[in-house]
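The chain contents come next:
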Amino acid sequence: MDGVRSNDFTVLSCKLNTSFFVFFVLFFLTQMEKFSAKLGIPENCIFPVKNYHKERNLNSVVDSLILSALTEIIHCGDDYINLKKILSEPWRTIHWGDNQSALQHVKDYKPPTDRHQIRILLYGPVGAGKSSFINSVQSVLRGRMCSQALVDFTSFRSFTRQFTTYKIPKEGGQSFYPFVFSDIMGLEIRDGVLVDDVKLVLRGHMRDGYKFNPASTLSEDDLFYNKNPSTNDRVHILVLVTNTEFVMDAETVQKIQEIRMEASDLGIPQVAIFTKIDEACPEIKKDLKTVYKVQHLKRKMEKFSADVGIPMNCIFPVENYHEQIKLNSDVDSLILSALKDIINYGDDFINLKKSNERLVSF
């Protein structure tokens, strides 16, 4: 560690004064960050330890560091072994190929009143597939490939820079489906969408076209601030979109938890979309129908559920259309399965609000 051996960390910490000890810890963390950047190994996969070399007795602190690293090493090895482990029975049932009835269910959906529409807000890390999911849903519903929401596969920064609402036209183009998708800037670590801006979106205070500013939130005197949001302006269901390979850092998890807490306070139902499942396991890439048989993917979803607090039955793995030029029945099945539940949850929220309004009127 540039002059300071990691094995001397415990001894030095006992001798140094408090201020210098703090400096030393920060220096140590900086070295880990440099090591991570140089070799491309994520910081959550780097484990500082103190090896035994001259001690005659065991030390509980030294043991804790070694056991912590060993546990993670075993878990990584177990994940690799499970990568090709296919369960004999799927852990979740889906009716593959029965897309016509699911599609008809979506097409026939009507909100509680004609004036209502379900607003679905998508949020998540950069590159998770929010815009691709919107395009995939449109493709399934319209029976052809659509790319209304612009997508970028080359940038590590958020391609969506402004608040945009997407309506999906029905057959004939004379009317729209009674649900809309709202897309926002990604949750970048430093330059992403501000949590306060997402809170304003949840409450319906942001107008379409607002360009997100990572340095400051939307102010009440801005032209894009909606002072009197209608029922349709407010969000009815919050959808967290992530992908199988994304590693949740502490700052992103904190942002997600703050957004989820605000949505919970408003009573807004929440689900998650798990994208890029074909990259999680070779077996899924070969046959999408194995998605609920792959133990490796199930464990990733369970860890994600534990990290952000969204129940497993509210997490839906999907494969977005991104390189295909024709629709695929199995891809459609997963998208429709997720979409049906998203609509149902949003409809439940609208009905609950409507019932509460009736009680208040009495």
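So, here is what we can say about the structure in this document. What you are looking at is a predicted structure, and each value in this text was computed from that prediction instead of being measured. (Residues numbered from 1 in each chain as written. Predicted model: local features only at pLDDT ≥ 70, side-chain atom pairs only at ≥ 80, totals over all residues. Heavy atoms only, no water.)

## Some thoughts on the packing of aromatic side chains
- For the structure shown, the criterion picks out seven aromatic pairs.
- Relative to Phe212, the ring of Tyr210 lies with its centre 5.7 Å away and its plane at 80°, an arrangement referred to as edge-to-face. Summarising the burial analysis for this pair, Tyr210 and Phe212 share the class buried.
- Following the ring pairs from residue to residue traces out a cluster consisting of Phe133, Tyr177, Phe179 and Phe181.
- Above the ring of Phe176, the side-chain terminus of Lys167 is found at 5.6 Å from the ring centroid.
- Positioned over the ring face of Tyr177 is Lys170, at 5.5 Å from the centre of the ring. (Phe/Tyr/Trp six-rings, centres within 6.5 Å; stacked < 30°, edge-to-face > 60°. Buried < 20%, exposed > 50% of the residue type's maximum accessible area, 1.4 Å probe, protein only. Lys NZ or Arg CZ within 6 Å of the ring centre and 35° of its normal.)

## With respect to the sheet that holds strand E4 (residues 237–243)
- Read across the sheet, six strands follow the order E2-E3-E1-E4-E5-E6 without closing on themselves; strand pairing throughout is mixed. At either margin of the open sheet sits one strand with a lone partner, and together these are strand E2 (164–169) and strand E6 (315–317). Averaged over all adjacent pairs, the angle separating strand axes in this sheet is 25°, with direction ignored. (Pairing = 2+ DSSP bridges. Helix = DSSP H or I, 4+ residues; strand = E, 2+ residues; numbered from the N terminus. Axes fitted to C-alpha atoms, helices over the stretch in contact; angles between N-to-C directions.)

## So, unusual backbone geometry
- The backbone phi angle of Lys276 is positive, close to 55°, even though this residue is not glycine.
- Lys276 gets classed as partly exposed once you look at its relative accessible area, which sits at 32%.

## Concerning a nonpolar patch on the surface
- A cluster of nonpolar residues, Leu67, Leu70, Ile73 and Ile74, forms a patch on the protein surface that exposes about 390 Å² of accessible area.
- Among the structural elements, Leu67 can be located in helix H3 (residues 60–82).
- According to the relative accessible area criterion, Leu67 is exposed, its value standing at 51%. (Patch = residues over 30% accessible without salt bridge, like charges linked within 9 Å, V, L, I, M, F, W, Y side chains within 5 Å. Areas by Shrake-Rupley, 256 points an atom, 1.4 Å probe, with all protein chains shown as cover. Salt bridge = Lys/Arg side-chain N within 4 Å of Asp/Glu carboxyl O.)

## Considerations on the side chain of Thr165
- With respect to the helices, strands and loops of the structure, Thr165 is situated in strand E2.
- In this structure the side chain of Thr165 is engaged in a polar contact, spanning 2.9 Å, whose partner is the side chain of Arg119.
- One polar contact links Thr165 to Asp208, side chain to side chain, over a distance of 2.7 Å.
- In contact with Thr165, not counting residues within four places along its chain, are Arg119, Val180, Phe181, Ser182 and Asp208. (Polar contact = N/O pair within 3.5 Å; in protein donor to acceptor, adjacent residues only side chain to side chain. Contact = heavy atoms within 4.5 Å.)

## Regarding helix H5 (residues 130–142)
- End to end, H5 covers 19 Å across 13 residues, agreeing with the expected 18 Å (1.5 Å per residue, within 8%).
- Three or more residues of H5 are buried, namely Lys130, Ser131, Ser132, Phe133, Ile134, Asn135, Ser136, Val137, Gln138, Ser139, Val140 and Leu141.
- Of the residues one or two after H5, Gly143 is the one with positive phi, at around 75°. (Expected span 1.5 Å × (residues − 1).)

## Focus on the pairing of strand E5 (residues 270–275)
- When you tally the buried positions in E5, you get six out of six residues, the bulk of the element.
- Residues of E5 alternate between two faces, with Gln270, Ala272 and Phe274 on one and Val271, Ile273 and Thr275 on the opposite face, all of them buried.
- Across six bridges, E4 lies against E5 in parallel orientation. Looking at E5, one finds that Leu240 is bridged to Ala272.
- In the classification by handedness, the crossover that spans E4, the intervening helix H7 (residues 250–265) and the parallel E5 is right-handed.
- Sheet analysis places E5 next to E6, joined by three bridges and oriented parallel. The residue bridging Ala272 from the neighbouring strand is Ile315, located in E6. (Right-handed = clockwise from strand over helix to strand, strands pointing away.)

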